[in-house]
Number of protein chains: 2
Amino acid sequence: MTDASHALSALADPTRRRVFERLAESPASVAEITRGLTVSQPAVSQHLKVLREAGLVTGTPKGASTVYRIDPAGLGPLRQWLDRFWDAQLEAFARVVDEDKP
Amino acid sequence: MTDASHALSALADPTRRRVFERLAESPASVAEITRGLTVSQPAVSQHLKVLREAGLVTGTPKGASTVYRIDPAGLGPLRQWLDRFWDAQLEAFARVVDEDKP
DNA sequence: GGGATGCATCAGTCATGACTTATAATAAGC
DNA sequence: GCTTATTATAAGTCATGACTGATGCATCCC
């Protein structure tokens, strides 16, 4: 029902959102991600851990470094959750229209 | 670009999400919302303020009470933001497929 | 008008989490 | 093998924000 909660709380943080947006452009290592930000490397690793546990990104070891990429299925639950309210809104609107009938 | 940030941080909180979900079913007063939860009335008012400032709900005074309802346009930016990554993912996939060609 | 109800704001408490530096662990290159 | 590079974890600090009770302010009803 609300497995979107993980995605929501993960993406609520601005820094974590920037990490996610960075990976949306192309896969990158932790060092590469860190270069684009103003926080330390451990901070980036911690953010990546949260994003990983939320199913939003995946990390695959590549030699000494680890390449992170977006998990395509990660945003699914959030999208679904959002659509529920979209539908609910349409229902509510239909209800109001219905009440206007004699 | 990321006006979705307000919506994200607003919906990241579980209690606030429950308030939002409650209003998705039907408009309600603050007292009615509070009845469905386990937090105090001031807490609900504070959550409603955040949701209001995020453009997710609207409150209209009705006599002594205030009726809150979902703002249909509120989730728009968040949906749009989400779709950006959906598209980016498709692009990335197309790029990979392209690279496989001789 | 006076009491009651419904909501918002104030002030204060407390937990969570975002960040830091330091350090451990693993892999690559000389 | 030893140094260097890359990442993950540990420990600690600090700010933010979610909650509470108390209070102010309207509005309705008698």
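As the structure is a computational prediction, the values presented were derived from the model and not from experiment. For every chain, the first residue of its written sequence is number 1, and the numbers climb from 1 along that sequence. The lettering of chains begins at A and the numbering of ligands begins at 1, in the order of writing. With pLDDT at 70 or above as the cut-off, local features in this predicted model cover only qualifying residues; side-chain atom pairs require 80 or more to be listed or tallied, and sums for whole chains, interfaces and linings still use all residues. Values reported for side chains reflect all heavy atoms of the structure, with hydrogen atoms and water molecules removed beforehand.

If you had to explain the sheet that holds strand β3 (residues 65-70) of chain B to someone new, which residues and values would you point to?
Residue and element names in this part refer to chain B. Pairing is antiparallel across the open sheet formed by three strands, whose spatial order is β1-β3-β2. Where the open sheet ends on each side, the last strands, each with one partner, are β1 (28-29) and β2 (57-62). Examined bridge by bridge, β2 and β3 share six bridges and lie antiparallel to one another. Bridge assignment links Thr60 to a residue of β3, and that residue is Val67. Most of the contacts of helix α2 (residues 14-25) go to β3, to which it runs at about 90°, and overall it touches β1, β2 and β3. Paired strands, in this sense, are two strands between which DSSP finds at least two bridges. Here a strand is any run of E in DSSP of at least two residues, a helix any run of H or I of at least four, and the numbering for each starts at the N terminus. Note on definitions: a residue-residue contact is assigned when non-hydrogen atoms from the two residues lie within 4.5 Å. Each axis is a line fitted through C-alpha atoms, and for a helix only the stretch in contact is used; angles between axes span 0 to 180 degrees, taken between their N-to-C directions.

I'd love a proper account of the protein's contact with DNA strand D, names of residues and values included.
Neighbouring DNA strand D are 21 residues; Ala31 and Tyr68 of chain A together with Arg16, Ser40 and His47 of chain B lie closest to it. Whether a residue is near a molecule or strand depends on its heavy atoms: if one lies within 4 Å, it is near. Each atom of DNA strand D within 4 Å of the protein was assigned to sugar, phosphate or base; sugar and phosphate come to 63%. Any pair of N or O atoms that falls within 3.5 Å is considered a polar contact. Within protein, one atom must be able to donate a hydrogen and the other to accept it, and sequence-neighbouring residues count only if both atoms are side-chain atoms. At 3.0 Å from a phosphate oxygen of DNA strand D is found a main-chain nitrogen or oxygen belonging to Val30 of chain A. Taking Ser45 of chain A, its side chain carries an N or O atom lying 2.9 Å from a phosphate oxygen of DNA strand D. At the level of elements, α3 (30-35), α4 (41-53) and β3 (65-70) of chain A together with α2 and α4 (41-53) of chain B are the ones that each hand at least two residues to the surface near DNA strand D. Of the residues contributing to the surface near DNA strand D, the split by class is eight nonpolar, eleven polar and two charged. Residues are grouped as follows: Ala, Val, Leu, Ile, Met, Phe, Trp, Tyr, Cys and Pro are nonpolar; Asp, Glu, Lys and Arg are charged; all remaining types, including Gly, are polar.

Hey, could you go over the interface of chain A and chain B for me, with residue numbers and the actual values?
Contact residues are listed per partner, giving 25 residues for chain A and 25 residues for chain B. Buried area: the sum, over both parts, of the accessible surface (1.4 Å probe) that disappears when the two are put together. Between chain A and chain B the total buried area reaches about 2300 Å² when both faces are included, carbon and sulfur atoms providing 68% of it. On the chain A side of the contact with chain B, Arg79, Leu82 and Phe85 of chain A bury the most area, a combined 24% of that side's loss. Here Asp83 of chain B ties to Arg79 of chain A by a salt bridge, and the two come within 2.2 Å at their closest N and O atoms. Joining chain A to chain B, the criterion identifies four residue pairs in polar contact (both at pLDDT 80 or more). If you list the elements that add at least two residues to the side of chain A that touches chain B, you get α1 (4-11), α2 (14-25) and α5 (76-99) of chain A. It is α5 of chain A that contributes the most residues to the side of chain A that touches chain B, eleven residues altogether. A class-by-class count of the residues in the side of chain A that touches chain B yields 14 nonpolar, four polar and seven charged. What makes a salt bridge here is a side-chain nitrogen of Lys or Arg within 4 Å of a carboxyl oxygen of Asp or Glu, nothing more.

Could you give me a rundown of the relation of the copies chain A and chain B, with the residues and numbers involved?
Copies overlap after least-squares fitting; the atoms used are the C-alpha atoms of residues with pLDDT of at least 70 in both. After a rotation of 180° and a shift along the axis of 0.0 Å, chain A superposes on chain B with an RMSD of 0.0 Å. This pairing of chains is accounted for by a two-fold axis. Of the residues that chain A buries at the interface, 100% are likewise interface residues in chain B, meaning the two copies contact each other through the same surface.

Can you tell me about the packing of aromatic side chains, naming the residues and giving the values?
Residues and elements named next belong to chain A. Two rings belonging to Phe, Tyr or Trp (six-membered ring only in the last case) form a pair when the distance between their centres is within 6.5 Å. Interplanar angles under 30 degrees mark stacking, angles over 60 mark edge-to-face geometry, and anything in between is tilted. Counting across every chain of the model gives four aromatic pairs over all chains. With a centroid separation of 4.6 Å and an interplanar angle of 75°, the aromatic rings of Trp81 and Phe85 are classed as edge-to-face. A residue pair is termed a helical-turn pair when its members lie 3 or 4 positions apart in one helix, as Trp81 and Phe85 do in helix α5 at four residues. For the pair formed by Trp81 and Phe85, the shared burial category is buried. To sort residues, take the accessible area from a 1.4 Å probe on protein chains only and compare it with the maximum for the residue type: under 20% means buried, over 50% means exposed, and anything in between is partly exposed.

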